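Below are the chains, spelled out letter by letter.
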Amino acid sequence: MALFAVGARHAAGHPGGTVAETAADLGKDRSQVSRSLRTAEHEGFLRKTSQRTYSLDWSVLTDAQLLTERRLQSDGGTALDTLAEETDEACFLGVLHGDSTVTIGESVPASSNLVGSWLGRPYPAYCSDAGQAVLWEASEAEVRTVFADVAFVRHGPNTPADVDDFLARRGSARKRGYSIVDEEAEPGLYSLAVPVRDFKGDVVAALQIVGIRDRLEPRREACADALVAQGAWLEQRLGYRPQP
């Protein structure tokens, strides 16, 4: 309660709080609150300033974010390999970078008939395999900001025409539980994707299955089930806890 009280003072625009101020906020005894604040400082959640106020120590959050990045690589690789083995299709992990998505992980079985690596390569988010999934939780205003200076160039027969078209497709994907990118990135290419959230509930990546349309589309439901399961497993490894 003492820790949350200091956080509430931050949220209200204050730099932190003294023992007396925090005790007054909580309506608690000063000695009891003082012990709680010292414990939180010892555990690394708070720091004590030269003005004898307690403020939030952001190093815990920084450490958690660094751990999330490492787990996204290590556990992401495990999820990709498992998904590729279960579906016998090429599987990728992508992140948003500006108005593009960039592949940070891949597992490509020889039987997938996909040639070359996509690691580190950007692709326009409005039509990429990961685009709808990495922008899954973004507000309409945020999506419009991302694509404000983007020309919706046609890359395949079904490339979205504009941002409204993209938003409509994302809306359908949200209801479905996963996105379908059907010949939007290039002719004959078909993909499924789900968002991957971290411990803060933020979407940090997209897990994707990508393949030749004639091969992957007839197996869509089975592949989607495997994709959703691996996405949930990876989110759990990143500390995400769905709200009840």
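Above this text is the structure in question.
Residues numbered from 1 in each chain as written. Predicted model: local features only at pLDDT ≥ 70, side-chain atom pairs only at ≥ 80, totals over all residues. Heavy atoms only, no water.

J.: Run through the pattern of salt bridges, naming residues and quoting values.
T.: As enumerated under the stated definition, the model contains 15 salt bridges in all. Among the salt bridges present, the one from arginine 169 reaches aspartate 165, with a minimum N-O distance of 3.0 Å. Of the two residues, arginine 169 and aspartate 165 both sit in helix α7 (residues 163–176), 4 residues apart, roughly one turn of that helix. For arginine 169, a relative accessible area of 23% gives the class partly exposed. With its nearest N and O atoms 3.7 Å apart, the salt bridge here joins aspartate 202 to lysine 200. In this structure, a network of salt bridges that share partners links the residues Asp88, Glu89, Arg215 and Arg219. (Salt bridge = Lys/Arg side-chain N within 4 Å of Asp/Glu carboxyl O. Helix = DSSP H or I, 4+ residues; strand = E, 2+ residues; numbered from the N terminus. Buried < 20%, exposed > 50% of the residue type's maximum accessible area, 1.4 Å probe, protein only.)

J.: So what's going on with the pairing of strand β4 (residues 100–107)? Which residues, and what values?
T.: Within β4, 6 of the 8 residues are buried, leaving the element largely enclosed by the surrounding structure. With 7 bridges joining them, strand β3 (residues 90–97) and β4 adopt antiparallel strand pairing. When the sheet's bridge partners are listed, histidine 97 is paired in β4 with serine 100. Between the end of β3 and the start of β4, which pair antiparallel, lie 2 residues, with glycine 98 showing a positive phi angle near 65°. (Pairing = 2+ DSSP bridges.)

J.: Got a sec to walk through the nonpolar core? Specific residues and values, please.
T.: Leu83, Leu93, Leu192, Leu207, Ile209 and Leu227 are the most contacted members of the largest nonpolar core, which totals 25 residues. Elements with a contribution of two residues or more to this core: α4 (59–87), β3, β7 (189–197), β8 (203–212) and α9 (220–237). Setting aside chain neighbours within four positions, we find leucine 93 in contact with Leu72, Gly76, Leu80, Val102, Thr103, Ile104, Gly105, Ala205, Ala206, Leu207, Gln208 and Leu234. Counting 23 residues, the second largest nonpolar core, distinct from the first, contains Cys127, Val134, Leu135 and Ala193. (Core = buried A, V, L, I, M, F, W, Y, C linked by side-chain atoms within 4.5 Å. Contact = heavy atoms within 4.5 Å.)

Fair warning: the whole summary comes from geometry, so function is off the table for now.
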